[in-house]
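Read off the chains here:
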Amino acid sequence: MLFEVKLTEGTERLRKVNSLFVSKGLPVKAGVVIPVTIRKLLEGEGDPAA
């Protein structure tokens, strides 16, 4: 399954696409709503993997 996120604020746009593994038998199809949590990084925070 591909998970695509598009964020816009004014003229700024961000698009992120990730692949996700879905358990066999889980009824997921295009258009299904998947709850997500979004939080804004504080200044000085970043991706620890970077």
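Heads up: these notes are all about the structure in this document. Since the model is a prediction, treat every value here as computed from it, not as a measurement.

**Brief notes about the overall build of the protein**
Okay, step 1: Scanning the protein for helices and strands turns up zero helices and two strands.
Okay, step 2: By the burial criterion, 0% of the 50 residues in the protein qualify as buried.

**Considerations on the pairing of strand 1 (residues 2-9)**
Okay, step 1: Here strand 1 lies mainly on the outside; zero of its eight residues are buried.
Okay, step 2: Pairing of strand 1 with strand 2 (residues 12-19), which is carried by eight bridges, proceeds in the antiparallel orientation. If you follow Phe3 over to strand 2, its bridge partner there is Asn18.
Okay, step 3: Where strand 1 hands over to strand 2, the hairpin turn is made up of two residues, of which Gly10 adopts a positive phi near 60°.

**Looking at the pattern of salt bridges**
Okay, step 1: Overall, the coordinates contain two salt bridges when judged by the stated rule.
Okay, step 2: Residue Glu4 is joined to Lys6 by a salt bridge in which the shortest nitrogen-to-oxygen separation is 3.9 Å.
Okay, step 3: A salt bridge links Glu4 to Arg15, with the nearest nitrogen and oxygen atoms 2.6 Å apart. Taken together, the residues span a long stretch of sequence, with Glu4 in strand 1 and Arg15 in strand 2 at a distance of 11 residues.
Okay, step 4: On the accessibility criterion, Glu4 (41% relative accessible area) is partly exposed.
Okay, step 5: The structure contains a network of salt bridges with shared partners spanning Glu4, Lys6 and Arg15.

**What to know about the environment of Lys6**
Okay, step 1: Here Lys6 shows up in strand 1.
Okay, step 2: By relative accessible area, Lys6 is classed as exposed at 59%.
Okay, step 3: Between the C-alpha atom of Lys6 and that of Val17, which follows or precedes it by 11 residues, the distance is 8.8 Å.

Rules behind the numbers
Residues numbered from 1 in each chain as written. Predicted model: local features only at pLDDT ≥ 70, side-chain atom pairs only at ≥ 80, totals over all residues. Heavy atoms only, no water. Helix = DSSP H or I, 4+ residues; strand = E, 2+ residues; numbered from the N terminus. Buried < 20%, exposed > 50% of the residue type's maximum accessible area, 1.4 Å probe, protein only. Pairing = 2+ DSSP bridges. Salt bridge = Lys/Arg side-chain N within 4 Å of Asp/Glu carboxyl O.

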